[in-house]
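Breakdown of the fold
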Amino acid sequence: MPAAEDTVKSSWADEVEEVEGGNLPPPVEKNDGTSKTITEYSMNDEGKKVKIISYYRIEKHRVARTIAERKTWRKYGLSKNDKPGPNPATTITAEDVFMHFLSNKDEEQNEQEEIKKKLLDQQKGQVKCRLCKEDHWTKQCPYKDKLEPLRSSLLGEEAAEEETPAQATPAEKPKIGGVTQGKYIPPSMRDGGSKKGESMMSSRGRDETATVRVTNLSENTREQDLQDLFRPFGDISRIFLAKDKNTGQSKGFAFINFKRREDAAKAIQVLNGYGYDHLILSVEWAKPSGTQ
Amino acid sequence: MKPIMLQGHERSITQIKFNREGDLLFSASKDPKPNCWYSINGERLGTYDGHSGAVWSIDVKWDSTLFVTGSADQSMRIWDIETGTSLSNLEMKTSVRGVNFSYSGTMIAYTTDKMMGHNSELNIIDVRDPKDVDPTPIMKTQVTPNNAKALSVLWGPLDEYVITGHEDGCIIKWDMRTGKKIEIGQEHTKQIKDMQLSHDGLMLITASKDTTARLWDVGTLECLKMYKTDRPVNSAAITPLLDTYPHVVLGGGQEAMDVTTTSSRIGKFDARFFHLVFEEEFARVKGHFGPINSIAFHPNGKGYASGGEDGYVRVHVFDDAYYQFKFDF
């Protein structure tokens, strides 16, 4: 199994040697029983010499005879010409993954409930019962049986009353869409036209109350470092590290979204003024985006 | 854990399967070449070249000599695992959906698609001589129009009956001698995507598009447990270590065609581990960047492999955290 594989460009000193030597040096194989190192040299597409060092860990397994036999089979199909051992073109050692244990189940449920609550809040005000003026459809009104007959008996008088003001003020601001009038109304004049559009950020629903801003970071900071630094305070939902587009180096500030506000507060308390990478960190609450 | 990523397919994986000892791992995809891998280091033993369409289903004989593939090119092939050569090619009228070797390896049960005026069928053929297989089934049942299309198929204990999973979510137990239905399990509301037996063959787990997986008693076809998720489940497997680590693993995720049209949070392509008895999810493993289409425990229970819509197979070996995890009672 290849434990690691890396390509090292030959240094200028090697090159001189090789120019004198002419051909590529032969591959060197070191085998000490538990590990194997193969050093190969080859020419790449640009005509440069490339040194490839492959590290293998040798494992011994005792298996049933049939399994051992199967291991000696010749390869076939598309793998017919593969050398013994895994072919890097088809077999890749993937990045480390961790089993994520769900111990904080309640938390997750809370989160979902919160989302539900938010949705419900949004719906409030949209629906209004004609009978009791509460937040539900008229059809579902609990007082339907009592109020409905009462209302219809009153309706005759009300309808008569309603007609007079409508005629008296025909120039009143038209309702949404102006359908009743059948006249075109530009969007800007419509109901809510003067309201500012909701920004993309808020509609995405990111909770920014538990976000801290870290400034005075060194250029070499990476997301992983921040993860290491802030993880002890609590669960982090997102880390944003401002980076230079071209160089990929940190711009010196970052935002950390915690899952809980208490964790964020703790992080601020501990890390504000903390010396990190020869600089003094400044950690504070992030201002909600859009209000800067 | 550091998974091994097997990159041998050009299209999404349809099914993966370990052989009985677990040293070989077979994978099939919507491209026409199933692969065989050494599970220990991810080395590819070879590919089986011959089909001209997607390979829907695969199975391995118990002694790891024969390998059967059912394909959308309306054929079923039997292969020699050692050399990768096709021993026989059985032409069908429609594409083959599910294939399964009987326990003894002398028979193969397969289901065909309902297509071009042909009904979905459940057939069983004799494969005692893999080089000269008689293509006329020794048992034959029409599944449609009385029932919905059959997708996957499994043999019951002692090869006495076969169980099929259907497009409308029911599972049916058939008496192979008479071709009659013995029992029907109607619990799922949407199509069965995958069925797998437990190691001892007494339980069966079904994965369905209705976002649940269910555990069944093979003998009575009684639904024992249900594992609930919020996405379609494409595959589910039961651990061989039932006594010490009674877990099941579910793979699935949003359907590929819906990924761009729904506005929910990304991801959810994790493998989900549930406690077999408590029906409670306790762990997840990320990795695939598309839904998992097929998942299988290593026969020694110390790892699992998953194949996804992204075309990769990932072979995992559990690390200590898995064994140390204690369930909160």
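Residues numbered from 1 in each chain as written. Chains lettered and ligands numbered in written order. Predicted model: local features only at pLDDT ≥ 70, side-chain atom pairs only at ≥ 80, totals over all residues. Heavy atoms only, no water.

1. As for the overall build of chain B
The criterion, for reference: The way it works is that DSSP assigns letters per residue, a run of H or I at least four long becomes a helix, a run of E at least two long becomes a strand, and they are numbered from the N terminus. Residue exposure (1.4 Å probe, protein chains only): buried if accessible area is under 20% of the type maximum, exposed if over 50%, otherwise partly exposed. What makes two residues a contact is simply this: any of their non-hydrogen atoms within 4.5 Å.
Scanning chain B from terminus to terminus reveals one helix and 28 strands. Classification of the 329 residues of chain B by burial places 62% in the buried group. Restricting the contact set of chain B to residue pairs at least 6 apart, pairs at least 24 apart contribute 43%.

2. Quick notes on helix α7 (residues 261-271) of chain A
Residue and element names in this part refer to chain A. Going by this rule: The arc in question is traced by the directions running from the helix axis to the C-beta atoms.
Within the sequence span of α7, burial applies to D263, A264, A267, I268 and L271. Down the axis of α7, the buried set is contained in an arc of 140 degrees. They therefore lie on one face. In α7, the exposed positions that point more than 90 degrees away from the buried face belong to E262 and Q269. The elements touched by buried residues of α7 are β7 (211-215), α6 (223-230), β9 (250-258) and β12 (282-285).

3. What about empty space enclosed by the protein?
Residue and element names in this part refer to chain B. We count it as follows: The way it works is a 1 Å grid over only the protein atoms, where trapped points that fit a 1.4 Å probe form a cavity and open points with protein on both sides within 12 Å along at least five of seven lines form a pocket, and then any residue with an atom within 4 Å of a point lines it. Grid points are joined across faces, edges and corners, and a volume is the space filled by probe spheres set on the points. Each residue is assigned to one of three groups, with Ala, Val, Leu, Ile, Met, Phe, Trp, Tyr, Cys and Pro labelled nonpolar, Asp, Glu, Lys and Arg labelled charged, and all others, Gly among them, labelled polar.
In total, this model carries two cavities of 30 Å³ or more according to the counting rule given. When residues in the lining of the largest cavity are grouped by element, the largest group, three residues, is from strand β23 (residues 247-252). Of the residues in the lining of the largest cavity, the class split is three nonpolar, four polar and four charged. As a volume, the second largest cavity reaches approximately 40 Å³. Taken together, F269, A271, V285, K286, G287, H288, I292, Y304, S306, R314 and H316 form the lining of the second largest cavity. Going through the elements one at a time, β27 (303-308) and β28 (313-317) are the ones with two or more residues in the lining of the second largest cavity. The class makeup of the residues in the lining of the second largest cavity is five nonpolar, four polar and two charged.

4. Focus on the nonpolar core
Put simply, the rule reads: In this text, buried Ala, Val, Leu, Ile, Met, Phe, Trp, Tyr and Cys residues form a nonpolar core when linked through side-chain atoms within 4.5 Å.
Of all hydrophobic cores here, the largest spans 21 residues; its most connected members are A:V212, A:L226, A:F230, A:I256, A:F258 and A:V283. Breaking this core down by element, the ones donating at least two residues are β7, α6, β8 (236-243), β9 and α7 of chain A. The contacts of A:V283, once residues within four sequence positions are left out, are A:V212, A:R213, A:V214, A:F230, A:I268, A:L271 and A:N272. Core analysis: the next-biggest nonpolar cluster, separate from the first, contains 18 residues, A:M99, B:F273, B:A283 and B:Y304 among them.

5. Observations regarding the sheet that holds strand β20 (residues 212-217) of chain B
Residues and elements named next belong to chain B. We count it as follows: At least two bridges found by DSSP between two strands is the condition for calling them paired. Only C-alpha atoms enter the line fits that serve as axes; for helices the fit covers just the stretch in contact. Angles between N-to-C directions range over 0 to 180 degrees.
Overall, antiparallel pairing links the four strands, which are arranged β18-β19-β20-β21 in an open sheet. Looking at the sheet topology across the chains shown, the edges are occupied by β18 (192-197) and β21 (222-228). Sheet twist, expressed as the average angle between the axes of neighbouring strands with direction ignored, equals 20 degrees. Where β20 and β21 come together, six bridges link them in antiparallel fashion.

6. A look at the environment of B:I172
All names here are of chain B. With respect to the helices, strands and loops of the structure, I172 is situated in strand β16 (residues 170-175). When the C-alpha atoms of I172 and Q186 are compared, they prove to be 8.6 Å apart, with 14 residues separating the residues in sequence. The residues contacting I172, other than those within four sequence positions of it, are N147, V162, I163, T164, H166, K181, E183 and I184.

7. Examining the sheet that holds strand β6 (residues 55-60) of chain B
Residue and element names in this part refer to chain B. Read from one edge to the other, the open sheet built from four strands follows the order β6-β7-β8-β9, with strand pairing classed as antiparallel. The open sheet has two free edges, formed respectively by β6 and β9 (86-91), since each of these has just one partner strand. On average, each strand axis in the sheet is tilted by 15 degrees relative to the strand beside it, whichever way the strands run. For strand β8 (residues 75-80) and β9, the ladder comprises five bridges, and the chain directions are antiparallel. Note that in β9 the partner of I78 across the bridge is S88.

8. Comments concerning the packing of aromatic side chains
Applicable threshold: Put simply, two rings from Phe, Tyr or Trp (the six-membered ring, in Trp's case) pair if the centres are within 6.5 Å, and we call them stacked under 30 degrees between planes, edge-to-face over 60, tilted for the rest. A ring is considered to have a charge above it if a Lys NZ or an Arg CZ atom is located within 6 Å of its centre and within 35 degrees of its normal.
Overall, the coordinates contain 23 aromatic pairs over all chains when judged by the stated rule. Between the aromatic rings of B:F289 and B:Y312, the centroid separation amounts to 5.8 Å while the plane-to-plane angle is 70 degrees, which identifies the pairing as edge-to-face. Of this pair, B:F289 sits in the loop between β25 (281-285) and β26 (292-297) while B:Y312 sits in the loop between β27 and β28, and the two are 23 residues apart along the sequence. Geometry around B:Y38 places A:K71 over its ring, the cationic atom sitting 3.8 Å from the centre. The ring centre of B:Y161 lies 4.4 Å from the NZ or CZ of B:K173, which sits over that ring.

9. Some words on the pattern of salt bridges
Put simply, the rule is: In what follows, salt bridge is the name for a side-chain nitrogen of Lys or Arg lying within 4 Å of a carboxyl oxygen of Asp or Glu.
Within this structure, the stated rule accounts for 24 salt bridges over all chains. Close ionic contact of B:D230 with B:R272 constitutes a salt bridge, the shortest N to O distance being 3.3 Å. Remark: B:R272 occurs in strand β24 (residues 271-275) and B:D230 occurs in the loop between β21 and β22 (233-238); sequence separation between them is 42 residues. A relative accessible area of 8% places B:R272 in the buried class. Residues joined by salt bridges that share partners form a network here, namely A:R70, B:R20, B:E21 and B:D23.

10. A short note on the UniProt feature "repeat: WD" (unreviewed entry) in chain B
Spelled out, the test is: UniProt positions are given in the numbering used here, feature names are shortened, and annotations may be inferred rather than shown by experiment.
Mapped onto this numbering, the UniProt entry gives "repeat: WD" (unreviewed entry) at residues 6-47, 48-89, 143-184, 185-226 and 285-315 of chain B. The span residues 285-315 of chain B is 0% helical and 52% strand by assignment, and the distance between its end C-alpha atoms comes to 12 Å.

11. Re the interface of chain B and chain A
Under the convention used in this document: Buried area counts how much accessible surface, traced with a 1.4 Å probe, disappears from two parts once they are put together, with both parts' losses summed. Here a polar contact is recorded for every N or O atom pair within 3.5 Å, except that within protein the pair must consist of a potential hydrogen donor and a potential acceptor, and residues adjacent in sequence are included only if both atoms are side-chain atoms.
Taken together, the contact pairs 46 residues of chain B with 35 residues of chain A. Both sides of the chain B and chain A interface together cover about 3600 Å² of buried area, and 56% of this is carbon and sulfur. Three residues stand out in chain B for area buried against chain A, namely B:E43, B:R44 and B:R284, and they jointly supply 16% of the buried area on that side. B:E43 is paired through a salt bridge with A:K75; the nearest N and O atoms lie 2.9 Å apart. Connecting chain B to chain A are 18 residue pairs in polar contact (both at pLDDT 80 or more). Every element with two or more residues in the side of chain B that touches chain A is listed here: β1 (4-6), β4 (35-38), β5 (44-47), β25, β28 and α1 (320-324) of chain B. Residues of the side of chain B that touches chain A, tallied by class, amount to 21 nonpolar, ten polar and 15 charged.

12. Digging into unusual backbone geometry
Where the residue is not glycine, phi is negative for most of them; where a peptide bond is considered, it is trans in most cases. All names here are of chain B. The residue D159 is not glycine, and still its phi comes out positive at about 55 degrees. Inspection of the secondary structure puts D159 in the loop between β14 (150-155) and β15 (161-166). For L221, which is not glycine, the phi torsion reads 55 degrees and is therefore positive. Here L221 is to be found in the loop between β20 and β21. A relative accessible area of 6% places L221 in the buried class.

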